[in-house]
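Descriptive analysis of the structure
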Amino acid sequence: MRSTYLPGAGGHLRWIDIPGDGPARVYLHGLGCAGSADFTGIAAHPALHGGRAIVVDLLGHGFSDGPRDFPGTLEAHAETVAALLDDEGVKDAVLVGHSMGGAVAITLAATRPDLASRLVLAEPNLRTGGGLYSGPIAAQREDDFVSHGFRTVLSTLDPEYAARVRTADPAILHRSAVSLVHGTTPGTAERFYGLPQPRVMLIGARSRPYADEPAVRQAGIPVVEVPDAGHHMMRDNPAGFAAALVESGVGPAVNLERGGTRTERVGS
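Just so you know, these numbers come straight off a predicted model, no measurement behind them. Numbering of residues starts from 1 in each chain and follows the order in which that chain's sequence is written. Local features in a predicted model are, by the rule used here, given only for residues with pLDDT of at least 70; side-chain atom pairs are given and counted only at 80 or more, and totals for whole chains, interfaces and linings are based on all residues. Where side-chain values are given, they derive from all heavy atoms of the structure, hydrogens and water being excluded.

1. Side note on the layout of surface pockets
Method remark: on a 1 Å grid restricted to protein atoms, a set of points is classed as a cavity if a 1.4 Å probe fits but cannot get out and as a pocket if it is open with protein on both sides within 12 Å along at least five of seven lines; lining residues have an atom within 4 Å of a point. Grid points are joined across faces, edges and corners, and a volume is the space filled by probe spheres set on the points. Roughly 650 Å³ of internal volume is contained in the largest pocket. Lining of the largest pocket is provided by 24 residues; of these, Ser99, Asn125, Gly131, Leu132 and His231 occupy positions nearest its centre. Note on residue categories: nonpolar means Ala, Val, Leu, Ile, Met, Phe, Trp, Tyr, Cys or Pro, charged means Asp, Glu, Lys or Arg, and polar means any other residue, Gly included. Within the lining of the largest pocket, the residues separate by chemical class into 10 nonpolar, 11 polar and three charged.

In structure tokens, the structure reads:
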């Protein structure tokens, strides 16, 4: 695992670097999770062999630091990833984001288009108001969440998921949830639909009906279904998720019949 100190944020961003040729693939995880836990196996999957992979633990998550004054907004997270890519001399990366990581990827691509050549987003946060996880967290006061709400949330999660969330900094987790609830200006969905880069959205088969799918299709953005999977599709079906990434332009061409994915483009 590598570490990059970010003076503006006051902490170290930690990340895994898998060497390879061609455009780098940058993996961004969801709220409370960690790229080191969610994406390392995906990034190293044989179907994606050959390209460089950068697997990030966002600040306040996983092995990265949790600077006391880090605001935890989508914009702030995007800025830290941009600083990492600038430090590494990475341009035109393929951004792979899950949930909150998808919203961070959209923000990064909109504010630093030189850093992103393609976005493949797995059920990204496109709406304000929060979800089943971020909404209840953001509804609490930060100090209340830090003192006892964080422990309560952990007690409601399945053990495998709780093991990921337990590593998060409670204050930054809360601030990140608040940012998801409030959204960005322009809105995350508006930015996503208007980006010039090629975009694909992944949906777990068990997540359907998926509320944002009609609007995504209307915007001309292809949709790829990951079978036998829900929102946490990287854990539910790693092979199917890797094959979906390949079909979405992340990796080399392979026999997708073995991956069990199905592409559903606009008009299909």
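2. Here's the deal with helix α3 (residues 74–88)
Strands here are runs of E lasting at least two residues and helices are runs of H or I lasting at least four, both read from the DSSP assignment and numbered beginning at the N terminus. An expected span of 1.5 Å times one less than the residue number is assigned to each helix. Over its 15 residues, α3 runs 21 Å from end to end, which matches the ideal 21 Å to within 8%, given 1.5 Å per residue. Partly exposed describes any residue whose relative accessible area lies between the buried limit of under 20% and the exposed limit of over 50%, with all areas from a 1.4 Å probe on protein chains only and scaled to the type maximum. Among all positions in α3, only Leu74, Ala76, His77, Ala78, Thr80, Val81, Ala82, Leu84 and Leu85 are buried. Remark: Gly89 follows α3 within two positions and exhibits a positive phi of approximately 70 degrees.

3. Looking at unusual backbone geometry
Note that the residue after Thr185, namely Pro186, is joined by a cis bond; omega there is -5 degrees. Summarising the element assignment, Pro186 is placed in the loop between α8 (170–182) and α9 (188–194). The residue Asp92 is not glycine, and still its phi comes out positive at about 50 degrees. Along the chain, Asp92 falls in the loop between α3 and β5 (93–98).

4. Overview of the environment of Ser147
Checked against the element boundaries, Ser147 lands in helix α6 (residues 142–156). Between the alpha carbons of Ser147 and Pro170 there is a distance of 8.8 Å; along the sequence they are 23 residues apart. Polar contact is the term for a pair of N or O atoms within 3.5 Å; when the atoms are in protein, one must be able to donate a hydrogen and the other to accept it, and sequence-neighboring residues count only if both atoms are side-chain atoms. At 2.9 Å, the side chain of Ser147 forms a polar contact with the side chain of His148.

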